[in-house]
Amino acid sequence: MTDLKNAKQSLNTYSVKELNESIGLLLSRGFAPKFIVEATVSKSQIKKGHLWLTLTDGKASVDAVAWSSTIKSLKFLPKQDDGVVIIGKLNFWESQARVSVQVFDIRPSISTVLRKFEIVKSKLFKEGLIDDSLRKKLPKYPHSIGILTSVPSSALADMLRTAKERWPLTKLQIIPIPVQGDNANKLKSILSKLKKNKLKLEALIIARGGGSREDLMLFDSEIIAREIATFPIPVITGIGHEDDLTVADLVSDHRSATPTAAIVDLLPSREIEKNKFLQNKKLLKYYLKLFFQNAKKSLITKKSIFQSYSPRLLIKNKRTRINYMYDILNALSPRKLLKRGFALITDESGNSIYSVKNIKENDKLIVQFCDGKITAEVDSLNYDKI
């Protein structure tokens, strides 16, 4: 009794309410208005519109709550066993002397992101949806393409500027989409409508600017990946940075390092195409010149052949040959021989006498000269000795 009396004189005395108020004051002075907690969710449930969590690191645990007004702005709602990074402050309920963390923002930890990525990747790979042989060829000169991204955004501005510089002939149709948070169903609905291709698109770009890997978690969604894998036209992804790989990248027909790179990969360069055109024009001019030169040579050859078979030339050649033959015949004609002093001897019947043996004495012969003929009678026969 004496000890209690002495204690009352030396120690402060509190009611329960006063004690709890003092603890609350001490805690409020000892903690910053906001802090970060890295933990794993061991329990998650929504009651009366509020999200109640139990956070743990395997050695200790603490309760946390996200009020309904906060839930509306959250881009990620964790489930049991998800790793999270929470921005919050300390709440102390004086009536129960209970401590909890009031949540302002929740982000998945990188371990959660990578685990989800691996789970979806493995599942789709087993089903054959992640396969290079399924990738569709990108159009060479697309007339119309769709760009799915956040509107407005710096990524979109860069894409539009690059598209105008590279190939302004392509029509760009901008379709606003959510690019992070718990919006998989909304994005799936947009992709499902675009599958009907009423816009007559030749290719589709899904783009999102830079951010943390956790911000890209939407594009690890299984339902989004399935929509992209079965899309009827080529799909190009330009999500985050070059080092950021999502499931959407794995099932797309072409993965670009950034949104701007997606435009570069899809649209041709007008400068390069202009140079190709000028080079082809030069080659065409050369080949046309060569073609006409060869055609001219061919025509000259054919003309020469046709000329050699022309009726006029054939008649001329025939006339020349006839004249030549005439000259030969004329040179060998008996009349020419008669003019040279020879004579043609025949009997009275007109038979040529070419040997003494064919005549006898008293035969009458006709001797033909160049300018006339005579009749002679054979007086005697003289034979040459051979």
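All figures in this text were calculated on a predicted structure; none of them were measured in a lab. (Residues numbered from 1 in each chain as written. Predicted model: local features only at pLDDT ≥ 70, side-chain atom pairs only at ≥ 80, totals over all residues. Heavy atoms only, no water.)

Chemist: Can you help me understand the overall build of the protein in this one?
Modeler: Summing up its helical and strand segments, the protein has 12 helices and 13 strands in all. The C-alpha atoms of the protein give a radius of gyration of 57 Å, which is well past the 21 Å a tight globule of 386 residues would have. Its C-alpha atoms put the protein at 210 × 40 × 35 Å along the principal axes. Within the span of the protein, comprising 386 residues, buried residues form 32% of the whole. With the model as given, the accessible surface of the protein reaches about 26000 Å², and the carbon-plus-sulfur share is 56%. Separation of charge centres in the protein, based on 64 positive and 40 negative side chains, amounts to 7 Å. (Helix = DSSP H or I, 4+ residues; strand = E, 2+ residues; numbered from the N terminus. Rg over C-alpha atoms; globule rule 2.2 N^0.38 Å. Buried < 20%, exposed > 50% of the residue type's maximum accessible area, 1.4 Å probe, protein only. Areas by Shrake-Rupley, 256 points an atom, 1.4 Å probe, with all protein chains shown as cover. Lys, Arg positive; Asp, Glu negative; His and termini not counted. Charge placed at Lys NZ, Arg CZ, Asp CG, Glu CD.)

Chemist: What is the right way to read the domain arrangement of the protein from this model?
Modeler: It is common to report an interface's size as the accessible area lost on association of the parts. Taken domain by domain, the protein comprises domain 1 (13-108), domain 2 (114-268) and domain 3 (334-378). Summing both sides of the interface, domain 1 and domain 2 together bury roughly 580 Å²; the carbon and sulfur share of this comes to 46%. Remark: the boundary between domain 1 and domain 2 carries two salt bridges. Between Asp215 and Arg107 there is a salt bridge, with the nearest N and O atoms lying 2.9 Å from each other. For the pair domain 1 and domain 2, the interface holds four residue pairs in polar contact (both at pLDDT 80 or more). A per-class count over the side of domain 1 that touches domain 2 returns two nonpolar, no polar and four charged. (Domains from an automatic or database assignment. Buried area = accessible area lost by both parts, 1.4 Å probe. Salt bridge = Lys/Arg side-chain N within 4 Å of Asp/Glu carboxyl O. Polar contact = N/O pair within 3.5 Å; in protein donor to acceptor, adjacent residues only side chain to side chain. Nonpolar A, V, L, I, M, F, W, Y, C, P; charged D, E, K, R; others polar.)

Chemist: Just to check I follow, could you spell out the packing of aromatic side chains for this structure?
Modeler: Aromatic ring pairs are reported here in terms of the distance separating the ring centres and the angle at which the planes meet. Across all of its chains, the model carries four aromatic pairs by this definition. Ring centres 5.3 Å apart and planes at 70° place the aromatic pair Phe291 and Phe292 in the edge-to-face group. What makes Phe291 exposed here is its relative accessible area of 52%. A residue is classified by how much of its surface remains accessible, and Phe292, at 52% relative accessible area, is exposed. Here the guanidinium or amino end of Lys34 rests over the ring plane of Phe104, the centre of that ring lying 4.8 Å away. Across the ring face of Trp93, the terminal group of Arg98 is positioned such that the distance to the ring centre comes to 4.7 Å. (Phe/Tyr/Trp six-rings, centres within 6.5 Å; stacked < 30°, edge-to-face > 60°. Lys NZ or Arg CZ within 6 Å of the ring centre and 35° of its normal.)

Chemist: Mind showing me how you'd approach the UniProt feature "domain: Exonuclease VII large subunit C-terminal" (unreviewed entry) in the protein here?
Modeler: Residues annotated in UniProt with the feature "domain: Exonuclease VII large subunit C-terminal" (unreviewed entry) correspond here to residues 129-322. In the segment residues 129-322, helix accounts for 49% and strand for 13%; the C-alpha atoms at its two ends are 91 Å apart. (UniProt positions renumbered as here; feature names shortened; annotations may be inferred.)

Chemist: Would you take a moment to explain the side chain of Ser144 for this structure?
Modeler: Within the element layout of this structure, Ser144 appears in strand β6 (residues 144-149). In this structure the side chain of Ser144 is engaged in a polar contact, spanning 3.0 Å, whose partner is the side chain of Gln173. Those residues in contact with Ser144 that sit more than four places away from it in its chain are Thr170, Lys171, Gln173, Leu199, Lys200, Leu201, Glu202 and Ala203. (Contact = heavy atoms within 4.5 Å.)

Chemist: Looking at this structure, I do not really get the sheet that holds strand β9 (residues 235-239). What am I missing?
Modeler: Across a sheet, paired strands are connected by hydrogen bonds in the backbone, their directions being either parallel or antiparallel. What the five strands build is an open sheet, ordered β7-β6-β8-β9-β10; its pairing is parallel. At either margin of the open sheet sits one strand with a lone partner, and together these are β7 (171-176) and β10 (254-256). Neighbour-to-neighbour, the strand axes of the sheet open up by a mean angle of 20°, direction not taken into account. In this structure, β9 lies alongside β10, joined through three bridges in parallel fashion. Bridging from a neighbouring strand, Ile236 pairs with His254 of β10. Sheet strands touched by helix α9 (residues 259-266): β6, β8 (203-208), β9 and β10. Its angle to β8, the strand with the most contacts, is close to 160°. (Pairing = 2+ DSSP bridges. Axes fitted to C-alpha atoms, helices over the stretch in contact; angles between N-to-C directions.)

Chemist: Which parts of the structure should I look at to understand the pattern of salt bridges?
Modeler: When the charged atoms of two side chains with opposite charge come close together, those side chains can pair. Summed over all chains, the structure comprises 15 salt bridges. A single salt-bridge network, built from bridges that share partners, covers Lys123, Glu127, Glu222 and Arg226.

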